[in-house]
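What follows is each chain in one-letter form.
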Amino acid sequence: EKFISLHQLRYDHKLNVDFSVEGNVSRRQVLPLILISLVENSFKHGKLNDPNHPLTVHISAANDHTAFLVSNRKSGKKRFESTNIGITNLR
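Computed from a prediction, not measured in an experiment: that's the story for all the values here.

Trainee: Tell me about unusual backbone geometry, and name the residues and values.
Mentor: For His13, which is not glycine, the phi torsion reads 60° and is therefore positive. Tracing the backbone through its elements, the reader meets His13 in the loop between helix H1 (2–10) and strand S1 (17–22). Of the residues examined, His13 reaches a relative accessible area of 54% and is grouped as exposed. Phi is positive for Leu33, close to 65°, though the residue is something other than glycine.

Here's what the structure looks like:
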């Protein structure tokens, strides 16, 4: 949430982001910084100026299950050759 707020400040609150949390996630534990990589990647490669296709970050917790969804439309920027090390590191 703070990472998203920081980017909104950086871009004068013009980014289209749909952030939501369902359930009590305060006691859920995940590896440090594992989820931020996915959100960061969306800011880096996503098209965030289209209100019809916002960056979506959704976290939900129910019973013993936690779900995390990040979805965005890719930008049309030319991409440099990638080693895809980010997804390998997440796994």
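Trainee: So what's going on with the packing of aromatic side chains? Residues and values would help.
Mentor: Counting across every chain of the model gives one aromatic pair. Ring plane angle 75° and centroid distance 5.7 Å describe the contact between Phe3 and Phe43, whose orientation is recorded as edge-to-face. With a gap of 40 residues between them, Phe3 in helix H1 and Phe43 in helix H2 (residues 36–45) connect regions that are remote in the sequence.

Trainee: How would you explain the pairing of strand S3 (residues 65–71) if you had to name every residue and give the values?
Mentor: Here strand S2 (residues 55–62) runs beside S3; their pairing, made up of seven bridges, is antiparallel. Among the inter-strand pairings, Ala61 is bridged to a residue of S3, identified as Thr66. Counting the residues in the hairpin turn of S2 and S3 gives two residues, including Asn63, whose phi is positive at 50°.

Trainee: Pulling in residues and values, what's your account of the nonpolar core?
Mentor: Counting residues in hydrophobic clusters, the biggest one holds seven residues: Ile4, Leu15, Val39, Phe43, Leu48, Leu55 and Val57. Put simply, the parts of the chain that give this core at least two residues each are H2 and S2. Setting aside residues no more than four positions away along its own chain, Val57 makes contact with Ile4, Asp18, Phe19, Ser20, Val39, Phe68 and Leu69.

Reading the values: the criteria
Residues numbered from 1 in each chain as written. Predicted model: local features only at pLDDT ≥ 70, side-chain atom pairs only at ≥ 80, totals over all residues. Heavy atoms only, no water. Helix = DSSP H or I, 4+ residues; strand = E, 2+ residues; numbered from the N terminus. Buried < 20%, exposed > 50% of the residue type's maximum accessible area, 1.4 Å probe, protein only. Phe/Tyr/Trp six-rings, centres within 6.5 Å; stacked < 30°, edge-to-face > 60°. Pairing = 2+ DSSP bridges. Core = buried A, V, L, I, M, F, W, Y, C linked by side-chain atoms within 4.5 Å. Contact = heavy atoms within 4.5 Å.

It is worth stressing that arrangement in space is one thing and function is another; only the former is reported here.
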